[in-house]
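Single-letter residue listing:
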Amino acid sequence: MDQSKEQRILNSVSYNAIKGDAESVLDCIDKYCSQKEWAMNVGDEKGLILDKIVKEADPTVALELGTYCGYSAVRIARLLKPSAHLFSIEFNAEFVPIAKEIIEIAGLEDKVTILEGHAQDIIPQLKTKYNVDTLDFVFLDHWKDRYAPDTILLEQYGLLRKGSILLADNIGFPGAPDFLKHVRNNEHYECTHYPSHLEYMKAPDAMEKAVYLG
Ligand SMILES: CCCNc1ncnc2c1ncn2[C@@H]1O[C@H](/C=C/CNC(=O)c2cc(-c3ccc(F)cc3)cc(O)c2O)[C@H](C)[C@H]1O
Ligand SMILES: [Mg+2]
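In this text, all values refer to a predicted model and were calculated from it rather than measured experimentally. (Residues numbered from 1 in each chain as written. Chains lettered and ligands numbered in written order. Predicted model: local features only at pLDDT ≥ 70, side-chain atom pairs only at ≥ 80, totals over all residues. Heavy atoms only, no water.)

1. A short note on the layout of surface pockets
Next up, step 1: The volume enclosed by the largest pocket comes to roughly 520 Å³.
Next up, step 2: Taken together, 27 residues form the lining of the largest pocket, with Gly66, Phe91, Asp141, His142 and Trp143 sitting closest to its centre.
Next up, step 3: Taken together, the elements giving at least two residues each to the lining of the largest pocket come down to β2 (85-90), α6 (119-122) and α8 (171-175).
Next up, step 4: When its residues are assigned to classes, the lining of the largest pocket shows 12 nonpolar, 8 polar and 7 charged. (1 Å grid on protein atoms, 1.4 Å probe; cavity = no way out; pocket = protein on both sides within 12 Å on 5 of 7 lines; lining within 4 Å. Points joined across faces, edges and corners; volume = space filled by probe spheres on them. Helix = DSSP H or I, 4+ residues; strand = E, 2+ residues; numbered from the N terminus. Nonpolar A, V, L, I, M, F, W, Y, C, P; charged D, E, K, R; others polar.)

2. Overview of the coordination of the magnesium ion (ligand 2)
Next up, step 1: For the magnesium ion (ligand 2), the full set of protein donor atoms is Asp141 (OD), Asp169 (OD) and Asn170 (OD1), and the range of their distances to it is 2.1 to 2.2 Å.
Next up, step 2: Mapping the donors of the magnesium ion (ligand 2) onto the primary sequence yields the spacing D-x27-D-N. Accessibility classification places Asp169 together with Asn170 in one group, the buried group. (Donors = N, O, S within 2.8 Å, 3.2 Å for Na, K, Ca; no water. Buried < 20%, exposed > 50% of the residue type's maximum accessible area, 1.4 Å probe, protein only.)

3. Describing the sheet that holds strand β4 (residues 135-140)
Next up, step 1: Judged by pairing direction, the sheet is mixed, and its 7 strands sit side by side in the order β3-β2-β1-β4-β5-β7-β6 without closing on themselves. Strand pairing shows two members of the sheet lacking a second neighbour, β3 (112-116) and β6 (189-197), which therefore form its edges. For this sheet the average axis-to-axis angle between neighbouring strands, irrespective of direction, equals 15°.
Next up, step 2: Both strand β5 (residues 160-168) and strand β7 (residues 204-212) contribute to a ladder of 4 bridges, which runs antiparallel. Paired with Ile165 across the two strands is Val211, which belongs to β7.
Next up, step 3: Of the strands in this sheet, β4, β5, β6 and β7 touch helix α3 (residues 43-57), which is tilted by about 150° from β6. (Pairing = 2+ DSSP bridges. Axes fitted to C-alpha atoms, helices over the stretch in contact; angles between N-to-C directions. Contact = heavy atoms within 4.5 Å.)

4. Quick word on the side chain of Ser88
Next up, step 1: With respect to the secondary-structure elements, Ser88 resides in strand β2.
Next up, step 2: We classify Ser88 as buried; its relative accessible area is 0%.
Next up, step 3: Polar side-chain contacts of Ser88 include one of 2.6 Å to the side chain of Thr67.
Next up, step 4: In this structure, Ser88 is in contact with Glu64, Thr67, Thr113, Ile114 and Leu115, ignoring residues within four places of it in sequence. (Polar contact = N/O pair within 3.5 Å; in protein donor to acceptor, adjacent residues only side chain to side chain.)

5. Some words on a nonpolar patch on the surface
Next up, step 1: Among the surface-exposed residues, Trp38, Met40, Phe91, Trp143 and Met201 lie close enough to one another that they form a single nonpolar patch of about 540 Å² accessible area.
Next up, step 2: Turning to its location among the elements, Trp143 is positioned in the loop between β4 and α7 (147-156). (Patch = residues over 30% accessible without salt bridge, like charges linked within 9 Å, V, L, I, M, F, W, Y side chains within 5 Å. Areas by Shrake-Rupley, 256 points an atom, 1.4 Å probe, with all protein chains shown as cover. Salt bridge = Lys/Arg side-chain N within 4 Å of Asp/Glu carboxyl O.)

6. Observations concerning a negative patch on the surface
Next up, step 1: Side chains of Glu101, Glu104, Glu109 and Asp110 sit close together on the surface and give a patch of like negative charge.
Next up, step 2: Mapped onto the elements of the fold, Glu104 is located in helix α5 (residues 95-105). (Lys, Arg positive; Asp, Glu negative; His and termini not counted. Charge placed at Lys NZ, Arg CZ, Asp CG, Glu CD.)

7. Remarks on empty space enclosed by the protein
Next up, step 1: Under the counting rule described, the total for this entry stands at 1 cavity of 30 Å³ or more.
Next up, step 2: The space that makes up the largest cavity amounts to roughly 40 Å³.
Next up, step 3: Lining the largest cavity we find Met40, Asn41, Val42, Thr67, Tyr68, Cys69, Gly70, Tyr71, Ser72 and Asp141.
Next up, step 4: Tallied by class, the residues present in the lining of the largest cavity amount to 5 nonpolar, 4 polar and 1 charged.

8. Here's the deal with the pairing of strand β1 (residues 61-65)
Successive residues of a regular strand alternate their side chains across the two faces of the sheet.
Next up, step 1: With 5 of its 5 residues buried, β1 lies for the most part within the structure.
Next up, step 2: The pairing of β1 with β2 spans 5 bridges and is parallel. Paired with Leu65 across the two strands is Ile89, which belongs to β2.
Next up, step 3: In this fold, the crossover linking β1 to β2 by way of helix α4 (residues 71-77) has right-handed handedness. (Right-handed = clockwise from strand over helix to strand, strands pointing away.)

9. Quick word on the pattern of salt bridges
Next up, step 1: All told, the structure shown has 15 salt bridges when counted by the stated rule.
Next up, step 2: Among the salt bridges present, the one from Lys46 reaches Asp169, with a minimum N-O distance of 2.7 Å. Of the two residues, Lys46 sits in helix α3 while Asp169 sits in the loop between β5 and α8, which places them 123 residues apart along the sequence. Take Lys46 and Asp169: they sit in the same class, and that class is buried.
Next up, step 3: Between Arg184 and Glu208 there is a salt bridge, with the nearest N and O atoms lying 2.9 Å from each other. Placement of Arg184 in the loop between α9 (177-183) and β6 and of Glu208 in strand β7 is noted, with a sequence separation of 24 residues between them.

What follows is the structure in structure tokens.
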């Protein structure tokens, strides 16, 4: 059976990255996906916006929706303070072991817990099963039509507190119109738009930050 693109990305990281060096894992994936095979990692340009917001949030508990290969999990976890933790939800069983391996090569396995399953099934369990109180930071990068319903779930299960920061990828392309409709012109959110470009491409894209006001 031929290897998948995601497996080939892992092979490249495993062969080229410096073990325990998160920056070298990110550089390796960015290089591979710019030069060999495009993949939907948030990438180096939008990654700088992600870095900025994570530093601003300085989260103790962070959540990511859509682990994929673990690129943004590494990106986020490398910035977390010692007591902080990232939960990343991924429902595709093929990607979970690949992401776990990439996170381990980055030396961040103690900072990240990958929760395998559908976000809509796991979000309701975060408090009871995973002992989460509230989330300080949420990165949305899964199916774009799920950003809005899953944000509403986060609200309904009391997982957001005054000042919780949501950051959504792909507001430009593929776009997440329902999510924008939900958070913009909504008195419970303070939104900021960050124009950028699609990972590894010249095409325009953007990210949206939505701070929950309680
Ligand atoms: C129903 C289950 C919902 N709950 C879920 N629960 C758990 N995990 C979930 C759920 N829904 C999805 N996932 C996982 O998240 C990942 C999915 C990520 C999706 N990302 C995109 O589609 C995208 C496209 C482009 C793009 C740009 C230009 C192009 F030309 C083509 C593509 C660029 C980008 O930056 C993009 O992030 C992963 C693959 C998938 O298994
Ligand atoms: Mg994305």
